[in-house]
Amino acid sequence: MEIIDITDEYSETYCKCLEEWSEEMKDAGNHKAEWYNNNKSNGLRVKLARDDTKIVGMIQYIPVQYAPLHGKDIHYIYCIWVHGHSKGVGNYQKRGIGKLLLKAAEEDAKKLGSKGIAAWGIRLPFFMRSAWFKKQGYKRVDVDGMSELVLKSFTADVEKPSFIKMKKRPEVGSERVRVTCFKNGWCPAQNIVYERAKRASEEYGRNVEFVGIDTNNREALLKYGIVDALFIDDKQIRTGPPPSYERVKKLIEKRVKKRKMFGPNFA
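The numbers attached to residues start from 1 for each chain and follow its sequence in the written order. This being a predicted model, a pLDDT of at least 70 is required before a residue's local features are given, and a value of 80 or more before pairs of side-chain atoms are given or counted; all residues contribute to the totals for chains, interfaces and linings. For side-chain calculations, the full set of non-hydrogen atoms in the structure is used, while hydrogens and water are omitted.

## Digging into the sheet that holds strand β1 (residues 2-5)
Reading across the sheet, the seven strands line up as β1-β2-β3-β5-β6-β8-β7 and stay open at both edges, with mixed pairing between neighbours. Here the strands that pair on one side only, and so sit at the sheet edges, are β1 and β7 (139-144). Strand-to-strand twist of the sheet, defined as the mean angle between neighbouring strand axes without regard to direction, takes the value 30°. The criterion used for residue contact is that any of the two residues' heavy atoms lie within 4.5 Å. As a rule, the C-alpha atoms of each element are fitted with a line to give its axis, helices using only the stretch in contact, and angles between N-to-C directions run from 0 to 180 degrees. Each helix corresponds to a stretch of at least 4 residues labelled H or I by DSSP, and each strand to a stretch of at least 2 residues labelled E; elements are numbered beginning at the N terminus. Sheet contacts for helix α2 (residues 31-39): β2 (45-51), β3 (54-63) and β5 (75-82); angle to β3, the most-contacted strand, approximately 50°. Helix-sheet contacts for helix α3 (residues 97-111) involve β1, β2, β3, β5, β6 (116-122) and β8 (147-153), and the interaxial angle to β5 is about 160°. Strands pair, by our definition, only if DSSP identifies at least two bridges between them.

As structure tokens, this is what we get:
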């Protein structure tokens, strides 16, 4: 097992979060690749875990001024992922690979002059568990719902970062149902939500307006305080794991009917 910097050879694998085998990835579009290419010049770093020729793990991190945080002089980990499915390269979790990736990112961030490195985590035992980071020496510095922001300090004078939190919800459409999807691009799962919501909205013609908001644009991020999310009018829809296309379509249809926007095929 070795930890390497990403190369062009593995960029497609990385942009699909090591899950090229997944049928769902077909719904993710090319948003992750665009995000990756746009953020290379912003200092985005990617390290991969390679077992012989197989890529089995990844970590991605960036200077905090380009991340969905308020902070200074630190790096931010978007995610760390070790392949855990039986399909594809197989399950490589619980072998210490995540710790190797995290250590490599920490050492790299120190060399780049960072005073610390932060990550988000979920308080429940799911993907990106905050408890796992705490076992690696991270301390909680902020909370937003079920998410915790954790920090490992490299210097005594590091300033604690904080989440950029929701400031406003999208407005309800005046004449049409408004489907608003916030997309940062870094996460294929949320990119899947974006593409499904956009496609489902088109099914209802003039009764539904789809609004896509790119939160990789920091002005848009700060305006709403939302990174990735789906709203039907002003109601937020749960997006983890990504709802099926049929589920998204049904939720839109329910809202269309509630607002009494009837017509042939809702068009």
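From this point, the discussion proceeds with the structure in view.
## Description of the nonpolar core
To qualify as a nonpolar core, a set must consist of buried Ala, Val, Leu, Ile, Met, Phe, Trp, Tyr and Cys residues joined through side-chain atoms within 4.5 Å. We call a residue buried when its accessible area falls under 20% of the maximum for its residue type, exposed when it is over 50%, and partly exposed in between, using a 1.4 Å probe and counting protein chains only. Core analysis: the biggest nonpolar cluster contains 55 residues, and Tyr14, Ile77 and Phe133 have the highest contact counts within it. Contact partners of Ile77, with chain neighbours within four places excluded, come to Ile59, Gln60, Tyr61, Leu102, Ile117, Ala118, Ala119, Trp120, Phe133 and Tyr138. Among the nonpolar cores identified, the runner-up in size contains 17 residues, and Tyr204, Ile232, Tyr245 and Ile252 belong to it.

## Some words on the pairing of strand β11 (residues 208-214)
Judged from the seven bridges that link them, strand β10 (residues 177-183) and β11 form a sheet pairing that is parallel. Across the sheet, residue Thr180 finds its bridge partner in β11, namely Val211. Handedness of a crossover is defined as follows: orient the strands so they point away from the viewer, and if the path from the first strand over the helix to the second runs clockwise, the crossover is right-handed. With respect to chirality, the unit in which β10 leads through helix α5 (residues 188-202) into the neighbouring parallel β11 is right-handed.

## Regarding the state of the cysteines
A covalent bond bridging the sulfur atoms of two cysteines is what the word disulfide describes. Put simply, a disulfide is two cysteine sulfurs that come within 2.5 Å. Enumeration over the complete set of coordinates arrives at zero disulfides. No disulfide involves Cys15; its nearest neighbouring cysteine sulfur is the one of Cys17, lying 8.3 Å away. Residue classification places Cys15 among the buried residues on the basis of a relative accessible area of 14%. Free of any disulfide, Cys17 has its nearest neighbouring cysteine sulfur in Cys79, separated by 5.6 Å. Since its relative accessible area comes to 12%, Cys17 is described here as buried.

## Notes on the environment of Lys111
For Lys111, the position within the fold is in helix α3. Residues Lys111 and Arg196 lie 85 residues apart in sequence; the distance between their C-alpha atoms is 41 Å.

By themselves, these figures tell us nothing about what the structure is for.
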